[in-house]
Amino acid sequence: MAFSFDRKYLFAWSLTLLVLGAFSILNLRSTAQLRANVASVEQGHRVMAALAAVNRSLLEMETGARGFLLTGDIDYLAPYLTAIERYEPAMDTLARQVGRSEDFSRLRALADRKRLHMARLVGLSGEDNLGALALLRSGAGRAQMDALQAHMATMTAKVQARLAEQRTASDASVRTNQAVGAVLGLALAVTLGMIQIFMYRELRHRQRMAQAEQEATHVLEQRVDERTEALRQASRALELSERNMRSVFESVPESILTVDASRSIAMANPSAAAAFGVPIEALIGTPVTLWIPRHGDEPHLLDPPGPEEIAAAGADPVRRIATVNARRHDGSTFPADATFSCSGGDDACTVVLRDITDRRRAEVELRQSEARLRKVLAVLPDAVIVQAVGRISYVNPGGARLFGADESQILGTSTLQLMHPDSRPLVRSRIDDLLSGVPATSTVELQVLRFDGTSRTVLSTATVIDDQGSLAIVVVLRDVTDLRRMQRELATSHADLQRLVAAQGQIAENERRRIARELHDDLQQTMAAIKMDLAAATDRLGPSPAQVPALLDSARVLADTAIASTRRIINDLRPQILDDLGLVPALHNLASEFGRRSGIECRFATSGTEDPEVTGSSEVATCLYRVAQEALNNIAKHSGARHATITLAADPVGLTLRVDDDGRGIASDERRKLGSFGLIGMHERVRGFGGSLLVHTRPDGGTRVEAALPAQVARTDSSVVENTQCEPVLGGHH
């Protein structure tokens, strides 16, 4: 294919010709070197052949001379004479090959001396054989021959060394030429490859150009089609937008007026007609100042924009915003927010009016509401503060009284500055939560600092409000310092009362113990003595008189009755079994006696009470015994039960007494009625030991009275119990 010879191709072809020229020069150089090497090798071989010829001639001359000398046979002279004839041509040939060098001159001298020596031997052989033998035996000829052979060996070695050097140089030259040839071959291959690549790229480029041209044509056609379709869609959208704008123009609640250069109304929407109380046709063509009148010499909203306004607006329309009093057709006026928009140099302007009558009325009502709210906050005893942007923006008189300062001193300060250091972390956390949208938690108790340095305890409630587009926090603080003080005093008084009740109970129990002991030790012993005396008197009187034994028997019966009554009174005052055997036998005996007296089946059960120390001190045993005794009395009086159960259980947590029945149960209002002193007494007994009393109706019917004492109290003595305090537990009785 045809292609343009631009710089790429010119460079590639120039490089190719340069490589080919280098190949030619290398070939010529290699050929010349080869010829020189061949000539040098041939010359070396010729020199060595000439040396060999000279050496052979000399050896043949010596052989012939020695043979003739030793044998005297004339036949030996033939080789000698032949060698002499060959000697001079061989020497001349050697002279031509090596030139008249020093080595050749020395060789010539040594050879000539050897030849003369052999000629002398041959000459003496015919005349004086003995002289010839003496000359032969002298060794001169041998020394000459050795020197000649040594010199010829030296010359041969030099020729061989020169040939070796020539061969080495030739080999190096061949390798150099091969390397250069390889490089030139690679360069030639690269240049030919570059030419092929350039031609391929040119072909691909032209193909891509043709394809790109086709694609561009296709894309251009598509874009033309898309542009045409876009123009059609834009036209339809413009029509739709005009209809929408017309619809918006006619449906917006704001009054829109378009005025011309003469400031006459050129267009109006239905809202404007309704606002001014006339049809749209009545507005068209009328001066706009008829509906938005001037007020004295003040600038009018629709005055043409001046150069400064146009320059300040730049490419944007000139805009004015003001509040005006528009006039209706009937002469009445209404306030309105007016927006005037006019392009510099454009005759048409637009006025948008928004009736703010309702807003003005709402603003008046808001101001009145704020005034009423301020009056309410002024008489509110609680402190109310409003924090906006981290500072207090409002405080009511209650807040001023709480902090002991004037309103001016509090406004502008930080809420955290009014808090006690111990309460500041909590206040900071609550403020962050409120501002981040976390719902406010319940009322919290805080410590605030008054301006005189004292602190007060308050209950704080906070919420977030919108204050003119920003978040504000309203905080209500109720001073509970005096309330907390009275609560502490009440708690102290209640604790003192508990200790008093416990002490009184202990005193009463001690008194009962004393009375029971005196009744037992004194009255009962006396009655027993009377009984014994009556029995002795009866034995001694015998059968007569007849009435004495009967009277004595009656007196004895009365004494028995008095003794039983005394024993019952003693047991009610202080059961002796409780002191002698402990709580578990006493409760078991109580259940038996209750069943016998009331006719209600009463069972006693226990668990975990094998260790006597578990049931605690005598005071604890007395407390639980009296609770069980009172619970059984209530069952007998009010429950109507047929069965009752006393359960005493001990575990690591504490000691628990339960009294259950299957009676009618107990209503919640019966637990708090006046006169329930038995239940109150049970409560106070258990509370005195730091325990709890629970009285409730069981799900399966009946009532349960449950008294629980903690383990640390159940195992302590009365000195520890006296200092025990607990919160009250609600309960009741039948």
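Residues numbered from 1 in each chain as written. Predicted model: local features only at pLDDT ≥ 70, side-chain atom pairs only at ≥ 80, totals over all residues. Heavy atoms only, no water.

1. Examining empty space enclosed by the protein
Next, step 1: A complete count under the given rule lists three cavities of 30 Å³ or more for this structure.
Next, step 2: One number sums up the size of the largest cavity: a volume of about 140 Å³.
Next, step 3: If you trace the largest cavity, you find 14 residues lining it, with Thr-415, Val-427, Ile-431, Ser-460 and Val-475 closest to the centre.
Next, step 4: A total of four residues in the lining of the largest cavity trace back to one element, the largest contributor, which is helix 12 (residues 424-435).
Next, step 5: Of the residues in the lining of the largest cavity, the class split is ten nonpolar, three polar and one charged. (1 Å grid on protein atoms, 1.4 Å probe; cavity = no way out; pocket = protein on both sides within 12 Å on 5 of 7 lines; lining within 4 Å. Points joined across faces, edges and corners; volume = space filled by probe spheres on them. Helix = DSSP H or I, 4+ residues; strand = E, 2+ residues; numbered from the N terminus. Nonpolar A, V, L, I, M, F, W, Y, C, P; charged D, E, K, R; others polar.)

2. Some details on the side chain of Ser-460
Next, step 1: Position of Ser-460 among the secondary structure elements: in strand 9 (residues 455-467).
Next, step 2: Residues contacting Ser-460, with those up to four places away along its chain left out, are Arg-430, Thr-443, Val-444, Leu-446, Val-475, Val-476 and Leu-477. (Contact = heavy atoms within 4.5 Å.)

3. Side note on the confidence of the model for the protein chain
Close inspection of predicted coordinates is inappropriate in any region flagged by low pLDDT.
Next, step 1: Considering every residue of the protein chain, the mean pLDDT works out to 77; 79% of them sit at 70 or more.
Next, step 2: In this model, residues 717-734 is a region of pLDDT below 50 whose contacts with residues beyond four sequence positions or in other chains number 52 contacts. (pLDDT = per-residue confidence, 0-100.)

4. A short note on the sheet that holds strand 14 (residues 692-697)
Next, step 1: Strand order in the open sheet formed by five strands is 11-12-13-15-14, with mixed pairing between adjacent strands. Taken across any chain shown, the strands that pair with only one partner, and hence form the sheet edges, are strand 11 (601-607) and strand 14. Within the sheet, the average angular offset between the axes of one strand and its neighbour, ignoring direction, is 10 degrees.
Next, step 2: Judged from the seven bridges that link them, strand 11 and strand 12 (residues 643-650) form a sheet pairing that is parallel. Pairing of Cys-602 across the sheet is with Ala-644, part of strand 12. (Pairing = 2+ DSSP bridges. Axes fitted to C-alpha atoms, helices over the stretch in contact; angles between N-to-C directions.)

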